[in-house]
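Understanding the architecture of this molecule
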Amino acid sequence: MVTLDELKTGEKAIIEVFETKNLPFKLIEMGCLPGSSVELIHKAFLNDPLYIKIDESYLAIRRETAKEIFVRREIKI
Amino acid sequence: MSKSINIALIGNPNTGKTSIFNALTGLSQKVGNYPGVTVEKKEGICKLDRINKGYIIDLPGTYSLNASSIDESIVINLLLNKKNKDYPDVAVLIADVENLKRNLLLFTQLKDLGIPTLLVINMSDLMSPKGISLNIPLLEEKFETKIALVSARNNEGLDELKKLIINYRRLPTKPLISLKSINKTYFNNLEKTFPDQQLYKLWLVITQDINYSNIERNNVSITSGLKTESPSSLKRIQQKETIKRYQHINNILKQGLKVDYKKAKDFRNRLDRVLIHNFWGYIIFFAILMIIFQSIFSWSTIPMDFIDGSFVYLSNILIEKLAPGVFTDLLTEGIIPGLGGIAIFIPQIAFLFLFLSILEETGYMSRVVFLMDRGLRRFGLSGKSVVPIISGTACAIPAILATRNIENWKERLITILVTPFMTCSARLPVYSILIALVIPVGSVLGFSFKGLALMLLYLSGFIMALLSSFLYSKILKMKFKSYFVVEMPNYKFPLIKNIGLTVWEKTKSFVTEAGKIILAISILLWILASFGPGREFNEAENIVKQTYPSLNQIELETKINSFKLENSYVGKMGKLIEPIISPLGYDWKIGIALISSFAAREVFVGTLATIYNVQNDKVETIKNKMASEIRKDGKPVFNFATGVSLMLFYAFALQCMSTVAVVKKETNTWKWPAIQFFSMTLIAYLISLLSYQILS
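Residues numbered from 1 in each chain as written. Chains lettered and ligands numbered in written order. Predicted model: local features only at pLDDT ≥ 70, side-chain atom pairs only at ≥ 80, totals over all residues. Heavy atoms only, no water.

Focus: unusual backbone geometry
All names here are of chain A. Note the cut-off: Only runs of H or I of at least four residues qualify as helices and only runs of E of at least two qualify as strands under DSSP, and these elements are numbered from the N terminus. Here the term buried applies to any residue with accessible area under 20% of the maximum for its type, exposed to any over 50%, and partly exposed to those in between, with areas from a 1.4 Å probe on protein chains only.
In this model, Asp-48 is joined to Pro-49 through a cis peptide bond whose omega is -5°. Positive phi, close to 60°, is recorded for Asn-47, a residue that is not glycine. Relative to the elements of secondary structure, Asn-47 occurs in the loop between strand E3 (37-43) and strand E4 (50-54). Overall, Asn-47 belongs to the partly exposed group, its relative accessible area being 37%.

Listed below in C-alpha cells is the structure:
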C-alpha cells in the first residue's frame, strides 16, 4: 500500500483507507471513500497540488492531503 | 385563479443550475441579499402553465447539506425552517449527467428531509457523446421520485420539467436512508427524546456546527441536551452516514446507469494537457491576462469619450434652457458632473465582468486556481485567492465575497486584507485622467508611455498585495490545517445568455450602488462649496474689487469665484489638511477631492469637476479644466511629480467605505477593517511622500 501522492502521473489505484481525522469531510462527500477508484492525472509544478480523478469527480487537492489517503495500486496484467 | 408554487433549485456547483434558472426565469429574475448576510439571493418568476406560477429561488451551489461555508449554510437554514416565506413546496435537484453519483448524495439528503424532490438530470445532450445510458423508469422507482432529462444549453426538456413541477404533490416524501441502520442506539435515543420531530432534521441540526459553527438556530430550538456524544464520535457517525448513502446510490446506479468508456473521447484531457502544463499553462494564463487588460483599455475608449462628451453637452444644454438659479447651479455644477464621473467607467466595468464571467463559465478559472496554488501559498495565500485577486481588478466588494470558498481561515483572512490593493475599476478614472495629464506622449518598444504607466500601476498594486500577504502570513499567529479541495469542472462553451445576464446584473448593481454615494457626495460638496462662513465668503465681491481695482469684468469674476471657493466650507476643510498633504505635492483643492474620495475613490474626478465648475462657469471637459489649473508660482498644479504621487496614493490607500463595511461583515469584527484601513493609508502616504520628494 502506498499513499496517493506516491502514484505516478496517469497511474490508477483503489482507495483502501484514510486517516479520517486529518481528511476534510468535504473530500469524503465528494466521493473519496474506501473502494473508490482513483487516478492521478497530473502533478503541478513542484509536485503540488495534485489533479486527481475519484470515480467521476475531477478534483485538485494538496500533497499533504494526498499523504493521508492510502491506496492499492492497480495491478497491470 | 392563479396558483403559485415555491420552487427551490438546488445542486452541486458546476451542474448548470444557473443556466436552468436563467432558462426558466429570463429577465424576470432579481438579485438581492439574504437578510443579514451578503450572500446573493437570486429569485425569479416562471409561468408554468395557464394557471400555475412558479416562484423560483436559485440556492447557492452546495455539495451536501452539511454546511462548511456561509453560502451552504443559507441552503440548510432555508430547508430547516418551514415558516420561512421562501420554504419550498418542491425542491428541484439539478444533477450533472456525467457525475450522477456525487450529485445524488445531496438528493438523498433532500429526500430524507421530507421535501418533495424532483431530480433533473442536466446536460442530457452529452449522454450519447459520452456513452452514457440511463434506465429512467428504474431510477425513478428506486429513488422514489420523478426525473426530467434537461439540456439547458439546447432548451430541451424544460416543458417536461414544468409539468412535473405542477404535479409535485404526487411525489413521495418518505426518507430513503434509514438512519437507525447507521447507529441504532444513538438514533433510537434521539427519536425517544423528540418523538414529534423528524429524525434526519434533528440530526442535521445537531451536526451542523461540527463543520461550520456560525449558524443561527433560532428557528429550531431543540439543541440543548442533545450533545450527549462528543464531536469526534458525531463526526464518525456522519462519515458512516455518508458512506451508507454512497452505498445506496452505488447499488441503484449499478442497475440504472451504463457508461461505455470507449465512447468517451476526452476533450478535457487534451485541453488540460496544455492549459495546466507546468510551463505552457503559466504562459497561456499570463497571455490571457494581457489580452484581457489590453482589450479593456482599447475597446472602452470610444464609449468612454462618448459618455464624457454627452455629459458636458447635457450640462451646457441645461444651462441654456433653464432659468438661472440655485437649482440650475446644483444640477449643472453638482449632480450632472458627479454622475458623469461614474457613468464614464461603465464600459470598462462591463468589459471586466464580461471577461471574468467567461473565465468562470468555461471552467478555466479552476485551472488557474490549480496552477497558482503552490506559488501563492508561499505568500500565505491559497490558489483559490486567484479568483478574488483577479475579481479585485473589477471591484473589491464582490472579490471579498468570493473569498468564501477558501476553506482555511488564515488564507481567507489574508486574501480579504490584501485584495483592496488590486487596482479596482474605481481607480481607473483617476488613473486615466492623471496619466493623460502628466505622462508625456511617446513610446518605447511599441508600447506607449501612457499604456506602460497604467500597466505599472496595476503591477504595483499586485506586488503590494503579495508583499503584504507575505508580511501578514508571518505576523498572524494562527494554526489552521489547510484544506484545499477544488473541483475541476468540464470545459464548456460559455452560454451567451448566462454571461449577458451576469454582466448586466453586476454592472447595474455596481452603478446604482456607487451612483447613490456619488450623487449624495456631489450634492453635499456642491453645498459646501457654494456656501461659507464669515465675512470673506459673503462679501467676496467687495473684497476682491477693492484689492484688484484695475481688473476687467471677466478676470474679476474669475478672481471672485476662486476667492469664494477658498473661503467656502469645503475650502476651509481643504486648507485645514493642506499642511499634511503639501509634502506630497497636493494643494488644498486636491485635498478636498482626497477627503471626499475616502467615501469612494471614484468621486475624485467628479469632485474636481464640481470644484472647478463652481470656480468658473464655463463648462469644459474635466481634463481641460484640470490642465488649466495653475499654482501660485504659475506652474500647472498637475505636474509630473504631483501626478505620480497622487496616482500612487490612490493605488495603495483604502478609499472605499463599502469595502470597509464588507470586510467588517465578513470578518465579524471592526478589528480587521481598522487594521486594513490604517495600514493601507499609511503605506499610501509614505510612498507618495517618497515619490514626490524624489521627483520634484
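Remarks on the interface of chain A and chain B
The following threshold applies: Here, two residues are considered to be in contact whenever any of their heavy atoms come within 4.5 Å of each other. Buried area adds together the accessible area that both of two parts lose upon being put together, with accessible area traced by a 1.4 Å probe. Counted as salt bridges are all cases of a side-chain nitrogen of Lys or Arg within 4 Å of a carboxyl oxygen of Asp or Glu. Throughout this description, a polar contact denotes any pair of N or O atoms lying within 3.5 Å of each other; where both atoms belong to protein, one of them has to be capable of donating a hydrogen while the other can accept it, and for residues adjacent in sequence the pair is counted only when both atoms sit in side chains. Charged residues are taken to be Asp, Glu, Lys and Arg, nonpolar residues to be Ala, Val, Leu, Ile, Met, Phe, Trp, Tyr, Cys and Pro, and polar residues to be all remaining types, Gly included. Being paired, for any two strands, means DSSP has found at least two bridges between them.
Listed by partner, the interface residues are 29 residues for chain A and 41 residues for chain B. Contact with chain B buries surface across chain A, with A:Phe25, A:Glu29 and A:Arg62 losing the most and accounting together for 22% of the total. The salt bridge partner of A:Lys26 is B:Glu72, with a shortest N-O separation of 3.0 Å. Where chain A packs against chain B, one counts 19 residue pairs in polar contact (both at pLDDT 80 or more). Grouping the amino acids of the side of chain A that touches chain B by side-chain chemistry returns 16 nonpolar, five polar and eight charged. Alignment of strand E5 (residues 57-61) of chain A against strand E12 (residues 485-487) of chain B, held across three bridges, turns out to be antiparallel. Its bridge partner lying in E12(B), A:Ala60 is registered against B:Val486.

So, the environment of B:Ala436
Residues and elements named next belong to chain B. Along the chain, Ala-436 turns up in helix H18 (residues 427-438). Spatially, the C-alpha atom of Ala-436 lies 10.0 Å from that of Gly-643, the residues being 207 residues apart in sequence. In this structure, Ala-436 is in contact with Lys-450 and Lys-623, ignoring residues within four places of it in sequence.

Describing the sheet that holds strand E2 (residues 12-18) of chain A
As summarised here, the arrangement of the seven strands in space is E1(A)-E6(A)-E2(A)-E3(A)-E4(A)-E5(A)-E12(B), forming an open sheet in which the pairing is antiparallel. The strands lining the two open edges of the sheet, one partner per strand, are strand E1 (2-3) of chain A together with E12 of chain B. Relative to strand E6 (residues 69-73) of chain A, E2(A) runs antiparallel, the two being bridged by five bridges. The partner of A:Ile14 across the bridge, within E6(A), is A:Arg72.

Concerning the packing of helix H25 (residues 588-597) of chain B against helix H28 (residues 640-652) of chain B
Residues and elements named next belong to chain B. Under the convention used in this document: Axis definition: a line fit to C-alpha positions, over the contact stretch in the case of helices; interaxial angles, taken between N-to-C directions, run 0 to 180 degrees. Here the word oblique covers every angle except those under 35 degrees (roughly parallel), over 145 (roughly antiparallel) and from 65 to 115 (roughly perpendicular).
The interhelical angle for the contact between H25 and H28, taken along N-to-C directions, is 10°, at an axis separation of 13 Å. If you check the angle between H25 and H28, you find them roughly parallel. Here Ile-590, Ala-593, Leu-594 and Ser-597 of H25 lie close against H28, whose contacting residues are Thr-642, Leu-646, Phe-649 and Tyr-650. Taken together, the residues of the contact of H25 with H28 sort by class into six nonpolar, two polar and no charged.

Side note on the packing of aromatic side chains
Residue and element names in this part refer to chain B. Selection rule: Between rings of Phe, Tyr and Trp, where Trp is taken as its six-membered ring, a pair exists when centres lie within 6.5 Å; planes separated by under 30 degrees are stacked, by over 60 edge-to-face, and by other angles tilted.
Tallied over the full model, the rule gives 18 aromatic pairs over all chains. Ring geometry for Phe-379 and Phe-470: centres 6.3 Å apart, planes at 75°, overall edge-to-face. One end of the pair, Phe-379, is in the loop between helix H14 (364-377) and helix H15 (386-391); the other, Phe-470, is in helix H19 (residues 449-475), with 91 residues separating them in the sequence. Judged by its relative accessible area of 28%, Phe-379 falls in the partly exposed class. Assessed through its relative accessible area of 36%, Phe-470 is described here as partly exposed. Centroid distance Phe-604 to Tyr-650: 5.0 Å. Interplanar angle 65°. Geometry classified as edge-to-face. Taken together, the positions of Phe-604 in helix H26 (residues 603-615) and Tyr-650 in helix H28 put the pair 46 residues apart, joining distant regions of the chain.

Some words on the domain arrangement of chain B
The following threshold applies: Bear in mind that the domain bounds are from an automatic or database domain assignment.
Here chain B is described as being made up of domain 1 (1-265), domain 2 (280-475) and domain 3 (515-695). Each of domain 1 of chain B and domain 3 of chain B has a C-alpha centre, and the two are 54 Å apart.

Quick look at the nonpolar core
Inside soluble globular proteins, nonpolar side chains tend to come together where they are buried. Which entries qualify depends on this criterion: Nonpolar core, defined: a set of buried Ala, Val, Leu, Ile, Met, Phe, Trp, Tyr and Cys residues in which side-chain atoms within 4.5 Å join the residues together.
B:Phe604, B:Met626, B:Phe638 and B:Leu646 are the most contacted members of the largest nonpolar core, which totals 106 residues. Setting aside chain neighbours within four positions, we find B:Phe604 in contact with B:Val430, B:Ile433, B:Ala593, B:Ser597, B:Met626, B:Leu646 and B:Tyr650. Listed in part, the 80 residues of the second largest apolar core include A:Phe18, A:Ala66, B:Leu104 and B:Ile132.

Some details on the pattern of salt bridges
All names here are of chain B. Going through the model one piece at a time under the given rule, you end up with 27 salt bridges over all chains. A salt bridge links Asp-58 to Lys-17; the shortest N-O distance between them is 2.7 Å. Here Asp-58, found in strand E4 (residues 52-58), pairs with Lys-17, found in helix H1 (residues 17-25); they are 41 residues apart in sequence, far enough to count as distant. Glu-487 is the partner of Arg-102 in a salt bridge, and the nearest nitrogen-oxygen pair spans 2.9 Å.

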